[in-house]
Amino acid sequence: MRYAETGFNLEIDLTRGSIDKVETDPKETASYLGGNGISAKLLFDRVPPGTDPFSPDNLLIFSNGLLNGTPVPGANRVAVNTMAPVNGLMGHSLMGGMFGPELKMAGWDRIVLRGKAPDLVYIAIHNDRVEIRDATHLRGKGMYDTARLIKEELKDNRAWVATIGPAGENRSYLASIDCGNSSAARTVGPVMGDKRVKAIAVRGTRDVYLAHPKELWEMCSRLRKELDANPNIGDWMATDEDDSFHHNNFSWGNARIRRKTFWSATLGERWRNLKYDHMSRQTGCWNCPKACHNVIKWPNRRRFSYKCYGKDTYHMASFQELDFTYEILPIAQDLGLDSYSTPQTIAFALELLEAGILTEKDFPGMPSDVRGRFFYLIDKMAHREGIGDILADGVSMAAERIGKGAEKFDHNTVKKFEQLPIKLGKLNPAYFLMIATGEDMAITQIEGSFPQDPITDPEMKEEFIKKWVAVPDKKFAEWFRQWEKRDQLPADAMVAIVDWNECMHYLDDSLGFCGFVSSFRGQFGGTTGYHVWNMPQLITHATGWEFDKDRLWECFQRNRNLVRALNNRAGLRRSWERPPEDHWAVRDEEYEQELLTQYYDFKGWTFDGIPTRETLERLGLGYVAENLIKGGVLTGNEATALNDARAKKKKQ
């Protein structure tokens, strides 16, 4: 019997119309855990290098975290992965809510889609009963109506429906997949649309078996109470109405203008009333004590939900206020557009108009007021009409297509993904490394374990360290104790801190944890729900496999290097790894490149950022090394980054 996982993948070839129940190897789960770890292996093994992301040979994978569907609180994330159209690398997104646990209770660890349907379809799953159904009557419908109509057709209001809107159908690179107000953003929405899958409906009624149910239940009962009582975890923006941090520090418009004194007590009170006068309730994801979603019913709009910085993106991009976000967000969500990249792309387009690179002829019939322009452009982008066809590719690719100097206005993307609109003064070395080398979409998927700034008060610093249970090694506490200025820590500390940050996110993404109860929240208050000391116990109780910190850390390293190798095979090299040039006002190219070299060396990678044969073999990825050698990505004799750099210097 398999514990914590079902042991089966649902494999659907949309071209052939075949549906297969495929038993998986438990050794792979023990090595990669689940979530994006298994997805990376499937993509490496089964999507040939050079495959067009819109080819039928590309895969779209919904991969459950290992602990989803168990009593572990806050474990509900499903990793949605593919080879991404925007840059050709592994696309990685996460969807919370209910879909992942429901899928596991239907008897499936993951869904693997390949091929393309002849026309629009949806997939209906009820335990072992799986159907590919006609969805042509749903063409062009928004997310809300699609989910409602499918539930009516299935006569099952308890099914959970993951769907794309018109943006996904039209392969907008800004398209999301949504299920019950939880979204898998960008990269995956256009691939789902390309495969002509409008939605996946899931209903599960089966048990998930556990190796040591009594021990796991006792541990989870205690953890649930601790999570509920811990003010440092969960999304603080769901309940704290003081949002001065984002509005005073993040940049507005096309990520260029800071309004350092925007926030005021009067503004905060007005916005608080806007929220609570129109809030229906607060909700949370499956088996989580934190209610991080604010559900809003705005006049003449459908009820919608938001969390975190998503409530700020539209009004900050347009220099408006919260009421505008409440007006536009439900419509943009229904169209299936991501709320981080879409507003930035619109602000970028309007700045090009102001600069004369685009003209009024490019925007026929566009209103003159900024609110009307945002509504006009989200519709054009979702349907790929006119200028919207170009903008639907996102800022970086749109700038390339427009030309005429538009590239200079693309100053907030990394690896062609729009970043949080932050422009700062002096370089933060750890954040330089995280932003440069991260292979997800944004810094929020990398940071979180180590604080962003030092604590100057000695007593407060010691109190923080005392509560810092998540620290995997005493050296991190010592570094933090010595830390006085943001940019002043030894390089070996910087790379180790980045490695720890990455570790936690990779573990969350394979086990199914939400970052708000784990990886992202450790930087605040020093306490977080999950860390390398209690995760192994949970895995052991759930699966029956003996895990400790070292074995868990090795799983992280294996997953990280596999993702890296997959992306190296797809073309990722050192030259890609640059934060936006104006992210920090003060830059030092020589120092940054030295940092990058030391980070690569720490990882066991070459000077160009490719895992060496020795590194891959040490992690049981020898077959990956052989594949890279065969493809000419490695020779097999490479040195790690510092030795490589020294050898090159000698030759010079």
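Our subject is the structure that appears above.
Residues numbered from 1 in each chain as written. Predicted model: local features only at pLDDT ≥ 70, side-chain atom pairs only at ≥ 80, totals over all residues. Heavy atoms only, no water.

Trainee: Please explain the layout of surface pockets as it appears in this structure.
Mentor: Any empty space left between the atoms is revealed when a probe the size of a water molecule rolls over them. In this model, the second largest pocket occupies a volume close to 600 Å³. Looking at the second largest pocket, it is lined by 26 residues, and the ones nearest its centre are Y144, K151, W160, G180 and N181. At the level of secondary structure, the elements contributing two or more residues to the lining of the second largest pocket comprise helix 4 (143-154), strand 9 (160-163), strand 10 (177-179), strand 15 (279-283), strand 16 (293-296) and strand 17 (304-306). When residues in the lining of the second largest pocket are grouped by element, the largest group, six residues, is from helix 4. Taken together, the residues that form the lining of the second largest pocket break down as eleven nonpolar, eight polar and seven charged. A domain-level breakdown of the lining of the second largest pocket finds at least three residues from each of domain 1 (8-203) and domain 2 (234-418). (1 Å grid on protein atoms, 1.4 Å probe; cavity = no way out; pocket = protein on both sides within 12 Å on 5 of 7 lines; lining within 4 Å. Points joined across faces, edges and corners; volume = space filled by probe spheres on them. Helix = DSSP H or I, 4+ residues; strand = E, 2+ residues; numbered from the N terminus. Nonpolar A, V, L, I, M, F, W, Y, C, P; charged D, E, K, R; others polar. Domains from an automatic or database assignment.)

Trainee: Quick question: what am I supposed to make of the sheet that holds strand 15 here?
Mentor: What links the strands of a sheet is backbone hydrogen bonding, and the strands pair in either a parallel or an antiparallel sense. Pairing within the open sheet is antiparallel, and its three strands lie in the order 15-16-17. In this open sheet, the two strands that pair with only one neighbour each are strand 15 and strand 17. Taken over all neighbouring pairs, the strand axes of this sheet differ in orientation by 25° on average, direction set aside. Together, strand 15, strand 16 and strand 17 form the strand contacts of helix 9 (residues 265-278), whose direction differs from that of strand 15 by roughly 85°. In the packing of helix 11 (residues 322-335) onto the sheet, contacts are made with strand 16 and strand 17, and the angle to strand 17 comes to roughly 100°. (Pairing = 2+ DSSP bridges. Axes fitted to C-alpha atoms, helices over the stretch in contact; angles between N-to-C directions. Contact = heavy atoms within 4.5 Å.)

Trainee: So what exactly am I meant to see when it comes to unusual backbone geometry here?
Mentor: Peptide bonds are trans in most cases, and residues, glycine excluded, mostly fall at negative phi. Residue L33 is not a glycine yet carries a positive backbone phi of 75°. With respect to the secondary-structure elements, L33 resides in the loop between helix 1 (26-32) and helix 2 (35-46). The class of L33 is buried, set by a relative accessible area of 1%. Despite not being glycine, K416 shows a phi value in the positive range, around 75°. With respect to the helices and strands, the residue K416 is situated in the loop between strand 18 (413-414) and strand 19 (417-418). The partly exposed category is assigned to K416, whose relative accessible area is 26%. (Buried < 20%, exposed > 50% of the residue type's maximum accessible area, 1.4 Å probe, protein only.)

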